Amino acid sequence: MLTLIKGGKIFTPEDIGICDILVAGEKIVGMAPGIDPPTGVAMDLIDAAGMTIAPGFVDLHVHLLGGGGEAGFGSRTPEIRLSRITRAGVTTVVGCLGTDNISRTPEALLAKAFQLESEGISAYVYTGSYHLPPVTITGSVKKDIALIPKVVGVGEIAVSDHRSSQPTIDDLLRVAADARVGGLIGGKAGLVHLHMGDGPRGLEPVFRMVRESEIPISQFLPTHVTRNRSLFEQTLEFAALGGYLDITAGGDGLDFSISTGDALKQVLEAGIGLDKVSISSDANGSMPVFDEAGKVVRLAVADIQQLYLDWRNLHRSGLPLTDTLALVTSNPARRTGLFHRKGSLDPGKDADLLILTPDLEIDTVMARGRIMIQNGRHIVKGTFES
Ligand SMILES: [Zn+2]
């Protein structure tokens, strides 16, 4: 099936001006001004004049199976559904387990990724969970990453958090080494994705891993870094050394100290390039608020829509669209080793794209060449969504 999208203003995320996009099957096959519709071939035509076209968002931290359970079984958060993902403009997710690796397993997470893929988007996973030694599918982080196509790394491993397995530096280094070697063998990112808690050690264990091993700093990606001020200051130091950072969307609504907009301002003031930064949703993870005795006083669940809302607010705060788009498209695709297929609009890449109104509302979502949302309405929903 061919689709020709005419006359949109294209951000790849680079601004390349007004261009047509030709899609064949799941791929972008042409991008140029004034592409003529081929004759004698069935084709859908989309008029995108006056609209902005951007890559579909890549969300590298989604609790596909739900998470939580930190206040008993009644606090288990639900699985994510396809229509919530596409409604947020997300066409690629990377799933993770969280605190609960008793009732939620890497096998179930992988199966959920297969389900989302069959429903039309692209889905990948991390092996492991909060805890070390890691739960895996094959019995080894190295083998999971090297041999299972959908596994891009290990995580989210909890560090400096009362819910962690209180890993030592040696524990952490062992799993990071496995991720690195598995990534090298399998041609993957082998990312070590770190959930940062609000413990006073902050990023110190991550600095130690970098200092005390040969593993490159780029192997690590700490997230939830805007949780408190001292953690974020450490994160800026980490980025100044060449490290990457991932910001959880909607942090200011989660009792985090720093909003996404303020965090980016501080990143720029510190002279750090925005290419070091990604934003993810933490969707369907539980957001427990603990009192000083460590007792849960409030429960909430993170919403993937927050990724879109944070992104749109950033644009309204005056940052250029090329920069704000990279935070949710090309940067997370690079971190997870998916950039050869995902995170930008280029011939040969998957046809994952958004058509946005002048107000940056989502009009159309295309995932792997298939229209999922059109005129703001769902065309495709999940298998069991009415
Ligand atoms: Zn987390």
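Rules of the game
All residue numbers here refer to positions counted from 1 along the written sequence of the relevant chain. Predicted model: local features are reported for residues with pLDDT of at least 70 only, side-chain atom pairs are reported and counted for 80 or more only, and whole-chain, interface and lining totals are derived from all residues. Only buried residues count toward a nonpolar core: Ala, Val, Leu, Ile, Met, Phe, Trp, Tyr and Cys, linked into one set through C-beta atoms within 7 Å. Put simply, a residue is buried when 20 or more other C-beta atoms lie within 10 Å of its own C-beta and exposed when 12 or fewer do; between those, it is partly exposed, and each C-beta is set from the backbone. We count a stretch as a helix when DSSP gives it H or I for four or more residues in a row; a strand needs E for two or more, and each element gets its number in order from the N terminus. Those domain boundaries reflect an automatic or database domain assignment. Whether two residues are in contact is decided by their C-beta atoms, placed from the backbone, lying within 7 Å. Pairing between strands is defined by DSSP: at least two bridges between the two strands are required. Inter-axis angles, ranging from 0 to 180 degrees, are taken between N-to-C directions of lines fitted to C-alpha atoms, where helices are fitted over the stretch in contact.

### Structural notes on the nonpolar core
Next up, step 1: Formed by 105 residues in total, the largest nonpolar core has its most connected members in Ile53, Val93 and Leu307.
Next up, step 2: Ranked by the residues each element gives to this core, the list is headed by strand β9 (residues 151–159), at 6 residues.
Next up, step 3: When residues of this core are assigned to domains, at least three map to each of domain 1 (2–54 + 344–378) and domain 2 (56–335).
Next up, step 4: The residues contacting Ile53, other than those within four sequence positions of it, are Ile5, Gly8, Lys9, Ile10, Phe11, Ile21, Ala48, Leu353 and Ile355.

### Re the environment of Val206
Next up, step 1: Assignment of secondary structure puts Val206 in helix α5 (residues 204–211).
Next up, step 2: Along the backbone, Val206 and Ala32 are 174 residues apart, and their C-alpha atoms lie at a distance of 45 Å.
Next up, step 3: Non-local contacts of Val206, meaning those with residues more than four positions away in its chain, are made with Val159, Leu194, Phe220, Pro222 and Phe238.

### What about the domain arrangement of the protein?
One widely used convention gives an interface's size as the accessible area the parts lose upon coming together.
Next up, step 1: As assigned here, the protein comprises domain 1 (2–54 + 344–378) and domain 2 (56–335).
Next up, step 2: Between the C-alpha centres of domain 1 and domain 2 the distance comes to 29 Å.
Next up, step 3: Residue-level contacts link 19 residues of domain 1 with 17 residues of domain 2.
Next up, step 4: Sorting the residues of the side of domain 1 that touches domain 2 by element identifies β16 (353–356), β17 (362–367) and β18 (370–374) as the ones contributing at least two each.

### Let's talk about unusual backbone geometry
Negative phi values dominate among residues other than glycine, just as trans dominates among peptide bonds.
Next up, step 1: Between Leu132 and the following residue, Pro133, the backbone shows a cis peptide bond with an omega angle of -5°.
Next up, step 2: Cis geometry marks the peptide bond from Gly155 to Glu156, where omega comes out at -15°.
Next up, step 3: With respect to the element layout, Glu156 can be found in strand β9.
Next up, step 4: The phi dihedral of Asp282 falls on the positive side, at around 60°, and the residue is not glycine.
Next up, step 5: One can find Asp282 in the loop between β13 (277–280) and β14 (289–290).

### Some thoughts on the sheet that holds strand β7 (residues 90–95)
Next up, step 1: Sheet architecture is open: 6 strands sit in the order β6-β7-β8-β9-β10-β11, paired in parallel fashion. Two strands bound the open sheet, and with one partner strand each, they are β6 (57–62) and β11 (220–223). Pairwise comparison of adjacent strand axes, ignoring direction, gives a mean angle of 30° for this sheet.
Next up, step 2: Taken together, the 4 bridges between strand β10 (residues 191–196) and β11 define a ladder with parallel strand orientation. Bridge assignment links His193 to a residue of β11, and that residue is Leu221.
Next up, step 3: Of the strands in this sheet, β7 and β8 (122–127) touch helix α2 (residues 106–119), which is tilted by about 170° from β8.

### Points about helix α9 (residues 321–328)
Next up, step 1: Turning to α9, its buried residues are Thr324, Leu325, Ala326, Leu327 and Val328.
Next up, step 2: In this fold, the buried residues of α9 make contact with β1 (2–11), β5 (52–55), β6, β13, α8 (305–316) and α10 (330–335).

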